[in-house]
Amino acid sequence: MPSPTQRALAAVPERYRPFLVKHRKLVKFLVVGGTCFVLTMLINFALKLSVLESKPVMALTVATVITTVVSYVLNRQWSFRAAGRKREAAGFFVVSALAVGVNDLPLIASRYVFDYRYPDVSHFSQEVADFFSGMIIGTLLAMAFRFWAMNRFVFTQLSDRVTQGRQDQEPGREPERV
């Protein structure tokens, strides 16, 4: 009986399968990131329209911190599940704390360096600038930083499950990719 991954891969057109298999960790990371992006956007707007109306950077920071926890669980259980577990939670949250700062920098620049805020610009222009600087540019920069840092510093060792699987194989044969 095919695994869930094999069934999902069967639904993908044949010409895209090699790319998805070769870059599966990145694809999974991007799916988790996309899910967390939508969640961050919803929380950010909810906070900006209510209790943190006058503090857009704080609203984005709180939203990003909440979704960082969700991201950890999803990445641990799916994207980087073959990686080891030594000191990973601490490393994940250190990298994520730095990434929150990276995410906030474009919004801080837009609001306080370039002074792109009401009453100097319309309320609509301010919100569009906040969205593009904080949610789009900030998220893209933070995502690139997180992917690099997670691979480099956090999820670096193979789990016991993967190590055991490699010992059971024939020598010189590459493990089956899931």
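Residues numbered from 1 in each chain as written. Predicted model: local features only at pLDDT ≥ 70, side-chain atom pairs only at ≥ 80, totals over all residues. Heavy atoms only, no water.

## With respect to the overall build of the protein
Per the secondary structure count, the protein includes seven helices and zero strands. Walking the protein from its N terminus toward its C terminus, one meets helices and strands in the order α-α-α-α-α-α-α. Across the 178 residues in the protein, those meeting the buried criterion constitute 31%. Of all intrachain contacts in the protein linking residues separated by at least 6 positions in sequence, the fraction that spans at least 24 positions is 70%. Looking at the protein as shown, the accessible area adds up to about 11300 Å², and 66% of this sits on carbon and sulfur atoms. (Helix = DSSP H or I, 4+ residues; strand = E, 2+ residues; numbered from the N terminus. Buried < 20%, exposed > 50% of the residue type's maximum accessible area, 1.4 Å probe, protein only. Contact = heavy atoms within 4.5 Å. Areas by Shrake-Rupley, 256 points an atom, 1.4 Å probe, with all protein chains shown as cover.)

## Notes on the side chain of Asn103
Note on placement: Asn103 falls in helix α5 (residues 88–113). Beyond its immediate stretch of four places on either side in the chain, Asn103 contacts Leu60, Thr64, Gly134, Gly138, Thr139 and Ala142.

## Re the packing of aromatic side chains
The description of an aromatic ring pair rests on the distance of the ring centres and on the angle between the ring planes. In this structure the tally under the stated criterion is seven aromatic pairs. Summarising the aromatic geometry, the rings of Phe145 and Trp148 are spaced 6.2 Å apart at their centres and angled 45 degrees between planes, so their arrangement reads as tilted. One end of the pair is Phe145 and the other is Trp148, both in helix α6 (residues 123–154) and three residues apart, which spans about a single turn. Classification of Phe145 as partly exposed rests on a relative accessible area of 22%. The exposure class of Trp148 is partly exposed, given its relative accessible area of 46%. In this structure an aromatic cluster arises from ring pairing among Phe45, Phe131 and Phe132. (Phe/Tyr/Trp six-rings, centres within 6.5 Å; stacked < 30°, edge-to-face > 60°.)

## Points about the UniProt feature "transmembrane region" (unreviewed entry) in the protein
UniProt's feature table lists "transmembrane region" (unreviewed entry) at residues 26–47, 59–78, 90–109 and 129–149, given in the numbering used throughout. With 100% helix and 0% strand, the stretch residues 26–47 has end C-alpha atoms that lie 30 Å from each other. Secondary structure within residues 59–78 divides into 100% helix and 0% strand; the distance between the first and last C-alpha atoms comes to 28 Å. (UniProt positions renumbered as here; feature names shortened; annotations may be inferred.)

## Focus on the pattern of salt bridges
In this structure the tally under the stated criterion is four salt bridges. A salt bridge links Arg111 to Asp130; the nearest nitrogen and oxygen atoms lie 2.7 Å apart. One end of the pair, Arg111, is in helix α5; the other, Asp130, is in helix α6, and 19 residues separate them in sequence. Both residues of the pair, Arg111 and Asp130, count as buried. Measuring nitrogen to oxygen at the nearest pair gives 2.7 Å for the salt bridge that ties Asp115 to Arg117. (Salt bridge = Lys/Arg side-chain N within 4 Å of Asp/Glu carboxyl O.)

## Section: unusual backbone geometry
A cis amide bond links Tyr118 with the next residue in sequence, Pro119, at an omega value of 15 degrees. Notably, Asp115 is not glycine yet its phi reads approximately 55 degrees, a positive angle. Position of Asp115 among the secondary structure elements: in the loop between α5 and α6.

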